[in-house]
Amino acid sequence: DYTQVFESELGKLNQNQKLAVDSIEGPVMVIAGPGTGKTQILALRIGNIIINSGIEAKNILCLTYTEAGATAMRKRLADFFGGIAYDVSIYTFHGFCNKIIKDNPNSFELYGEHDLVSSLELNQIIHEILQGLSPSDALYNYHGNYTELNKNLITFFHDIKSESWHPKDIIEAIEFDINNLKLDPDYYYKRKSGIYNKGDFKESAFKEQVEKFERTKSALKLYELFQNAMIKNNRYDYDDLIQWVIKKFINDDSFLGKYQELYQYILIDEYQDTNGSQNELVSLLVSYWDQPNIFVVGDDDQAIYRFQGANVRNMIDFKNKYNPEI
């Protein structure tokens, strides 16, 4: 009997674990280290929601970081409830957005014929953009050698998408910083140094910093060219899936409302590894409620995907935004 298995596993929880499983209403954040049964807590909490909330399994969304994590969660639920486990929406962030796009072809018809970009195609697209640079551009290379820049731009463009940065806003901030750079006391000598007296302006350091700013501005401007080239070539990368859905949610209230109504409970595993765009996606989904039924679990000491742009600060922001009870 599946329910007996569920009740048996509930009985094995310690006091803190049981509190996390039983607190099914409102925002909840659980901080737990490796080996503390996070997957088990998530699965039991989903089961508790199904039994005690009165909603259907399809109204529960569980987002994990890897396909392996989603499979493990599905198997754990199946052990508790059998076939009903397959009615719960369990996805990676990319898988979830891919399903939304596939389920709404008319809403995403611009991207319907797109294929996943290969590493070779990605390099070629950026290479062609760089070959078209004007000699006056801060990134222009007289010898046309852009190998290292090509690699750096791939990483930079990935960061822009995964963190949901807005290039125009960053360019404005850079221009503000350039205009105020001469007010920075670090660009003035604090004591006599060689031919320079205390209070003299560090002209070479100033020019070096402005040059770095100008190169960053140029890279940010190339991002739009890159995105247009991707669309022209009918290509996308995994970060685009999330960006397309975010854009649709922001620009179409009824479309967002459909998914807000569908998913009454949202659970997120490995929350410390969520990046800016993933966090924005979730924020949009729960934006209808002041105190949404959102449950996140993570380890603030182990952001294993931080090198991919994951931002452990999301856990701090969650606490500040929702003031979860536990």
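To start, this report covers the structure provided alongside it.

Reading guide: rules and limits
- Residues numbered from 1 in each chain as written.
- Predicted model: local features only at pLDDT ≥ 70, side-chain atom pairs only at ≥ 80, totals over all residues.
- Heavy atoms only, no water.
- Salt bridge = Lys/Arg side-chain N within 4 Å of Asp/Glu carboxyl O.
- Helix = DSSP H or I, 4+ residues; strand = E, 2+ residues; numbered from the N terminus.
- Buried < 20%, exposed > 50% of the residue type's maximum accessible area, 1.4 Å probe, protein only.
- Disulfide = S-S within 2.5 Å.
- Pairing = 2+ DSSP bridges.
- Right-handed = clockwise from strand over helix to strand, strands pointing away.
- Axes fitted to C-alpha atoms, helices over the stretch in contact; angles between N-to-C directions.
- Contact = heavy atoms within 4.5 Å.

**Concerning the pattern of salt bridges**
Piece 1. Throughout the structure, instances matching the rule amount to 15 salt bridges.
Piece 2. Between D237 and K161 there is a salt bridge, with the nearest N and O atoms lying 2.9 Å from each other. With D237 in the loop between β5 (235-236) and α10 (238-251) and K161 in helix α7 (residues 147-162), this residue pair connects regions lying 76 residues apart in the sequence.
Piece 3. Overall, D237 belongs to the buried group, its relative accessible area being 14%.
Piece 4. On the basis of relative accessibility, which here comes to 1%, the residue K161 falls in the buried class.
Piece 5. Salt bridges linked by common partners bring D115, E121 and R235 together as one network.

**Side note on the state of the cysteines**
Piece 1. In this structure the tally under the stated criterion is 0 disulfides.
Piece 2. Summary of cysteine pairing: C62 is not part of a disulfide, and the nearest cysteine sulfur, belonging to C97, is at 15 Å.
Piece 3. Among the residues examined, C62 registers a relative accessible area of 0% and is labelled buried.

**Some words on the pairing of strand β6 (residues 265-268)**
Piece 1. Of the two faces of β6, the one lined by Y265 and L267 and the one lined by I266 and I268 are each fully buried.
Piece 2. In the sheet, strand β2 (residues 60-64) pairs with β6 via 4 bridges, with the strands oriented parallel. Note that in β6 the partner of L63 across the bridge is I268.
Piece 3. Looking at chain direction, β6 and strand β7 (residues 294-298) are connected through 3 bridges and run parallel. From the neighbouring strand, I268 faces β7, where its bridge partner is V296.
Piece 4. Handedness of the crossover joining β6 and β7 through helix α12 (residues 276-285) is recorded here as right-handed.

**Notes on the sheet that holds β2**
Piece 1. With respect to topology, 5 strands assemble into an open sheet ordered β1-β7-β6-β2-β3, the strand pairing being parallel. The two strands at the open ends of the sheet, each matched to only one other strand, are β1 (28-31) and β3 (89-92). Taking each pair of neighbouring strands and ignoring which way they run, the sheet shows an average axis angle of 15°.
Piece 2. Helix α13 (residues 313-322) rests against β1 and β7 of the sheet, and its axis sits at about 145° to β1.

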